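Summary of the model geometry
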Amino acid sequence: MQQTVGEDAGEMSSGSTCREVVLHVYDVTKTGSEKTDNTIRKINRFFKDGIGVGGIFHSAVQVSLAAVQKLPCFVDCTDNLPGVFAMYTYRESIVLGVTSFSNSEVKQVLIQLGREWPGYSYDLLSRNCNHFTNALCEKLGARKIPGTGWVNCFANAGYTANVVAVNTSMQ
C-alpha cells in the first residue's frame, strides 16, 4: 500500500492509519577490521543460525516508509529503504505489529526518546540500540523485540554476568 502525501503523511491511502512496525536486524560487521568482522560472522552463524540463542546484532525500527535508527550518538528518522544501513550487514526483518501513530506522532515519540536516550547514556550491555528499539516499539504499541530470544541475548547475558560478578565481589 502506498502512502498518500498530504498534511499528515502517516495516513494511508485507504484512510486507515494502522501501519506496520518492522524490526530490521543487522550483523554488527563492517567494523573496519576483517578479523573482527569474520569473528562476528562466525559467532552469529554458530549462536543464531546454528543453535538459535543469539549473536552480535544492531537493530532499527521502520514504521511504513519512515526508517527509524538508533546509534550510540543520535536518533534519526530517514527515508532509507528497508534493510539498507551502511554501517552493518542486513540479516532479516521481523514484523512486530502495527501502530496507529501518524508520522508526526512518531516524531514526537522520537523527540521524547531522544531526551531519555542521549548519546552519552549508551552502554553496550545495558542501554544499546536493541534496548532503544525495544523502548520505541513499546511506545508505538507494537510487540517487544525478540531480545530475550536472540536479538539482544549477548548483551543481556553480559549485563547479567557483570551484575553477578559485582555482587559476588562485594561479598
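So, here is what we can say about the structure in this document. (Residues numbered from 1 in each chain as written. Predicted model: local features only at pLDDT ≥ 70, side-chain atom pairs only at ≥ 80, totals over all residues. Heavy atoms only, no water.)

1. Some thoughts on the overall build of the chain
- Counting its regular elements, the chain contains four helices and five strands.
- Taken from the N to the C terminus, the helices and strands of the chain come in the order β-α-β-β-β-β-α-α-α.
- When each of the 171 residues of the chain is scored for burial, the buried share is 39%.
- The contacts in the chain between residues at least 6 apart in sequence include a share of 68% that link residues at least 24 apart.
- Carbon and sulfur atoms form 56% of the exposed surface of the chain, whose accessible area is close to 9400 Å². (Helix = DSSP H or I, 4+ residues; strand = E, 2+ residues; numbered from the N terminus. Buried < 20%, exposed > 50% of the residue type's maximum accessible area, 1.4 Å probe, protein only. Contact = heavy atoms within 4.5 Å. Areas by Shrake-Rupley, 256 points an atom, 1.4 Å probe, with all protein chains shown as cover.)

2. Points about the pairing of strand S2 (residues 57-63)
- Judged by how many residues are buried, S2 sits mostly within the fold: seven of seven residues are covered.
- In S2, alternate side chains face the same way, and those of Phe57, Ser59, Val61 and Val63 on one face and His58, Ala60 and Gln62 on the other are all buried.
- As paired elements, strand S1 (residues 19-27) and S2 share seven bridges and run antiparallel to each other. Within S2, the residue paired with Val22 across the bridge is Gln62. (Pairing = 2+ DSSP bridges.)

3. Focus on helix H3 (residues 129-140)
- Compared with the 16 Å implied by 1.5 Å per residue over twelve residues, the 16 Å span of H3 between its first and last C-alpha is a close match.
- Buried residues of H3: Cys129, Asn130, His131, Phe132, Thr133, Asn134, Ala135, Leu136, Cys137 and Leu140, and no others.
- Of the residues that open H3, the one with a side-chain oxygen 2.8 Å from the backbone nitrogen of Asn130 is Asn128.
- Two residues or fewer after H3 comes Gly141, characterised by a positive phi angle close to 85°. (Expected span 1.5 Å × (residues − 1). Polar contact = N/O pair within 3.5 Å; in protein donor to acceptor, adjacent residues only side chain to side chain.)

4. Describing the nonpolar core
- By size, the foremost hydrophobic cluster in this structure holds 22 residues, and its most contacted members are Leu23 and Leu136.
- For this core, the element with the highest residue contribution is H3, accounting for five residues. (Core = buried A, V, L, I, M, F, W, Y, C linked by side-chain atoms within 4.5 Å.)

5. Here's the deal with a nonpolar patch on the surface
- On the surface, Phe46, Ile51 and Val53 cluster together into a nonpolar patch covering about 270 Å² of accessible area.
- Within the secondary structure layout, Val53 lies in the loop between helix H1 (34-50) and S2. (Patch = residues over 30% accessible without salt bridge, like charges linked within 9 Å, V, L, I, M, F, W, Y side chains within 5 Å. Salt bridge = Lys/Arg side-chain N within 4 Å of Asp/Glu carboxyl O.)

6. A few points about the pattern of salt bridges
- With the rule as written, the count across this model stands at three salt bridges.
- Where Arg91 meets Asp27, a salt bridge forms, and the shortest distance between an N and an O atom there is 2.7 Å. Remark: Asp27 occurs in strand S1 and Arg91 occurs in strand S5 (residues 89-99); sequence separation between them is 64 residues.
- Using a relative accessible area of 11% as the deciding quantity, one classes Asp27 as buried.

7. What to know about the packing of aromatic side chains
- On inspection of all chains with the given rule, the structure shows five aromatic pairs.
- Residues Trp117 and Phe132 carry aromatic rings whose centres are separated by 5.7 Å and whose planes lie at 85° to one another, so their mutual orientation is edge-to-face. Here Trp117, found in the loop between helix H2 (103-116) and H3, pairs with Phe132, found in helix H3; they are 15 residues apart in sequence, far enough to count as distant.
- Classification of Trp117 by relative accessible area gives buried; the value is 10%.
- Through a chain of ring-to-ring contacts, three or more aromatic side chains come together here, namely Phe46, Phe47 and Phe154.
- Stacked on the ring of Trp150, the Lys or Arg Lys48 has its end atom at 4.4 Å from the ring centre.
- The ring centre of Trp117 lies 3.8 Å from the NZ or CZ of Arg127, which sits over that ring. (Phe/Tyr/Trp six-rings, centres within 6.5 Å; stacked < 30°, edge-to-face > 60°. Lys NZ or Arg CZ within 6 Å of the ring centre and 35° of its normal.)

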